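# Structural features, examined
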Amino acid sequence: MMRHIVSILLENEAGALSRVAGLFSARGYNIETLTVAPTEDSSLSRITVVTHGSDEVLEQIIKQLNKLVDVVKVVDLSEAAHVERELMLIKVRATGKDRDEMKRMADIFRGRIIDATESIYVIELTGSSAKLDSFIGALDRSLILETVRSGVSGIGRGDRILKL
C-alpha cells in the first residue's frame, strides 16, 4: 500500500467536493487528509487528497475523477518530485520547567510560539507530516491540550504545473 498525494483542479461549484469524496469512498479508499481552497482563478478550486492504496485502484479512481464534469485536471503528485507541507497548531501546557522545555522544543523543530498565556503556549509548525508527527512524539503527552492540523498541501517541483 503506497501513499498517494492526489491534486485535483476543479470548477468551484456546489457539490463538487462531495462528488470527489464519493469516488474515494465508493472504492473503499480512506481519505487521510483533504484540503480545499480557491486558486488564483476564483472559478477554480484545488483539492489535495492524501490516501494509501495500490497503484491499480488509484489509477481507476483518477480515471473516474477525470470523468466528472466539474474536474478540470488530476495529478498524482507522488509519481514525481514534489514539495509538500502541512500546518499544525498545537496548544501545550507551559508552566514551570515545562515552559522552557516547550520553547526549546519549538525552536528545535523550527516552530513559532504564536500565543502565550501564563500557563499555555500555542505553537505553529509547518513541514512534512512526518516532522509534525515527530514533534508530537517528542512531547510529553500529558502536556498536549489540543492539536489542529491542516492536512497536506502539495505542488510539483520544477516545470510540473497543474493548470488549465
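Coordinates for the structure precede this section.
A short tour of the structure in this document, coming up. Everything numeric here is computed off the predicted structure, so don't read it as measured data. Positions within a chain are numbered from 1, following the residues in the order the chain's sequence is written. Local features are withheld for residues below a pLDDT of 70 in this predicted model, meaning they are given only at 70 or higher, and side-chain atom pairs are given and counted only at 80 or more; totals for whole chains, interfaces and linings count all residues. In computing side-chain values, all of the structure's heavy atoms are included and hydrogens and water are not.

### A word on the overall build of the chain
Starting at the N terminus, helices and strands are each numbered in turn, a helix being any DSSP run of H or I of at least four residues and a strand any DSSP run of E of at least two. A tally of helices and strands in the chain yields four helices and nine strands. Counting helices and strands in the order they occur from the N terminus, the chain gives β-α-β-β-α-β-β-α-β-β-α-β-β. The principal-axis extents of the C-alpha atoms in the chain amount to approximately 60 × 35 × 30 Å. Burial classes: relative accessible area under 20% of the type maximum marks a residue as buried, over 50% as exposed, and values in between as partly exposed (1.4 Å probe, protein chains only). For the chain, the residues scored as buried account for 38% of the 164 residues in total. In this description, contact between two residues means that some pair of their heavy atoms is separated by no more than 4.5 Å. Contacts spanning at least 24 positions in sequence make up 74% of the contacts within the chain whose residues lie at least 6 apart.

### As for helix 2 (residues 55–67)
Here a helix's expected span is defined as the number of its residues, less one, multiplied by 1.5 Å. Its 13 residues give helix 2 an end-to-end C-alpha distance of 19 Å, which sits within 8% of 18 Å, the value for a rise of 1.5 Å per residue. Buried within helix 2 we find Leu58, Ile61, Ile62 and Leu65. Seen from one end, helix 2 has its buried residues packed into an arc of 100 degrees, which puts them on one side. What points out from helix 2, more than 90 degrees from its buried face, is the exposed set Glu56 and Lys67. Those residues of helix 2 hidden inside the fold are in contact with strand 1 (2–11), helix 1 (16–26), strand 3 (44–53) and strand 4 (71–76). Each C-beta atom gives one direction from the helix axis, and the arc is the one those directions make.

### With respect to the pairing of strand 6 (residues 112–116)
By this definition, two strands are paired if DSSP reports at least two bridges between them. For strand 6 and strand 7 (residues 120–127), the ladder comprises four bridges, and the chain directions are antiparallel. Bridge pairing in strand 7 places Asp115 opposite Val122. Between strand 6 and strand 7, which pair antiparallel one after the other, the connecting turn spans three residues.

### Side note on the environment of Met102
Relative to the helices and strands, Met102 is located in helix 3 (residues 97–108). With 44 residues separating them in the primary sequence, Met102 and Glu146 have C-alpha atoms 14 Å apart. Here Met102 is in contact with Val92, Arg93, Ala94, Tyr121, Ile123, Leu139 and Leu143, once residues within four sequence places are set aside.

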